Amino acid sequence: MISFLNLCFADDDHEMEEFLKREHSLSKPYQGVGSSSSSHWELMGDAMVTTEQVRLTPDMQSRQGAIWSRIPCHLKDWEVQVHFKIHGQGKKNLNGDGLAIWYTKERMQKGPVFGNKDNFTGLGVFVDTYPNEEKHIEAQKKRYTPRTQRIFPFVLAMVGNGTISYDHERDGRPTELGGCNAMVRNLKHDSFLFIRYVRRRLTVMIDIDGQHEWRDCLDLPGVRLPQGYYFGASAITGDLSDNHDIISMKLYQLTVLRSKKEEEEEEDVITIPSVDNMELIRLGQSDEGMSGIAIFFTVLFSMLGCIFLIVIGLVVYSHWNENRRKRFY
């Protein structure tokens, strides 16, 4: 095994080293891909290898494919950089459905979540190219409000513990950790996805503008992921389709200096994936999703409630003051 060393910086500007882990990485000419037990990566479904990419799905209806690492990853801190391409003949919002990058306990299991099983255990980062919820609302002849409407494609992340279902009809909103819009279809230049997990902090960035610059998408502390899970990538098409290609997936081991306090806090072994304060994250998303009318009435009734309490207070004080005066006569 050969590892390459680079230097990078954590979010708090502390220097850390990164080592390329070839046994967990996928790149041309894809010699480690195959069905033999000695190969590092395994294909599933409609996925196929060409000289230029691993095509998870062709631009055809009702296809799904995936590629999974055979080797579990036991790194504590890591970073994966994915070079990918999504392209096809369909016009805007007439294409689908997207691809996913996985770090999960399960592997090689077909399902509805971008070609992987539902109720997964671990981390999924999704590049969703079709607005299911928006189309559903349009079919009911309703309208999105500017606060709730999203621009697709959209990148989002989710952590599952084996019992949490991905809500396909709502584009994963109830369980997402955050995300960003990313216009990644039919680009003339390269597109990249960056996922970093260090000191229980999950960071997702994208490079899709051809400027070789990372753009922030998600940064969340308190994410707890066990070691020993598998990396993979999957994609799915339905009535609409696209080519979903992985050009490379490069995994880096990060060596990060920790204070004694941090080491003590991270001594406990994580066995079940979770996110600290997930209830607050969901509450914030539900507040963000309130329509303008709902916000107006919420503020209005809050003000009326305050005025009512003030009036009651003045009446009570007036009666008390009157009774107090009577005691002096």
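Residues numbered from 1 in each chain as written. Predicted model: local features only at pLDDT ≥ 70, side-chain atom pairs only at ≥ 80, totals over all residues. Heavy atoms only, no water.

**A word on the overall build of the protein chain**
Counting its regular elements, the protein chain contains four helices and 18 strands. Long-range pairs, those at least 24 residues apart, make up 71% of the contacts in the protein chain between residues at least 6 apart in sequence. Roughly 17800 Å² of accessible area belongs to the protein chain as shown, and the carbon and sulfur atoms make up 54% of that amount. (Helix = DSSP H or I, 4+ residues; strand = E, 2+ residues; numbered from the N terminus. Contact = heavy atoms within 4.5 Å. Areas by Shrake-Rupley, 256 points an atom, 1.4 Å probe, with all protein chains shown as cover.)

**What about the pattern of salt bridges?**
Under the criterion given, the structure shown has 15 salt bridges. The partner of D242 in a salt bridge is R185, and the shortest N-O contact between them spans 2.7 Å. Taken together, the residues D242 in the loop between strand 16 (230-236) and strand 17 (243-255) and R185 in the loop between strand 11 (178-181) and strand 12 (191-198) connect sequence positions 57 residues apart. With relative accessibility at 0%, the residue D242 sits in the buried group. Between R200 and D268 there is a salt bridge, with the nearest N and O atoms lying 3.3 Å from each other. Pair noted here: R200 is in the loop between strand 12 and strand 13 (201-207) and D268 is in the loop between helix 2 (260-265) and strand 18 (274-275), with a separation of 68 residues, a long-range link. For R200, a relative accessible area of 12% translates into the label buried. (Salt bridge = Lys/Arg side-chain N within 4 Å of Asp/Glu carboxyl O. Buried < 20%, exposed > 50% of the residue type's maximum accessible area, 1.4 Å probe, protein only.)

**Some points on the sheet that holds strand 8 (residues 98-104)**
With antiparallel pairing, the seven strands of this open sheet are ordered in space as 3-6-16-8-9-10-11. Here the strands that pair on one side only, and so sit at the sheet edges, are strand 3 (41-45) and strand 11. For this sheet the average axis-to-axis angle between neighbouring strands, irrespective of direction, equals 15°. Pairing between strand 8 and strand 9 (residues 121-128): seven bridges, direction antiparallel. By the bridge assignment, W102 is partnered in strand 9 with G124. (Pairing = 2+ DSSP bridges. Axes fitted to C-alpha atoms, helices over the stretch in contact; angles between N-to-C directions.)

**Considering the pairing of strand 9**
Across the eight residues of strand 9, eight count as buried, placing the element largely inside the fold. Bridge count for strand 9 against strand 10 (residues 154-161) is eight bridges, and the pairing is antiparallel. Its bridge partner being in strand 10, V127 is matched across the sheet by V155.

**Focus on the state of the cysteines**
Scanning the entire structure with this criterion turns up one disulfide. The residue that forms a disulfide with C180 is C217, at a sulfur-sulfur distance of 2.2 Å. A torsion of -105° about the S-S bond marks the disulfide between C180 and C217 as left-handed. Residue C180 is located in strand 11, and its partner C217 is located in strand 14 (residues 215-221); the two are separated by 37 residues in the primary sequence. Judged by its relative accessible area of 8%, C180 falls in the buried class. Taking the relative accessible area as the measure of exposure, C217 reaches 11% and is therefore buried. (Disulfide = S-S within 2.5 Å.)

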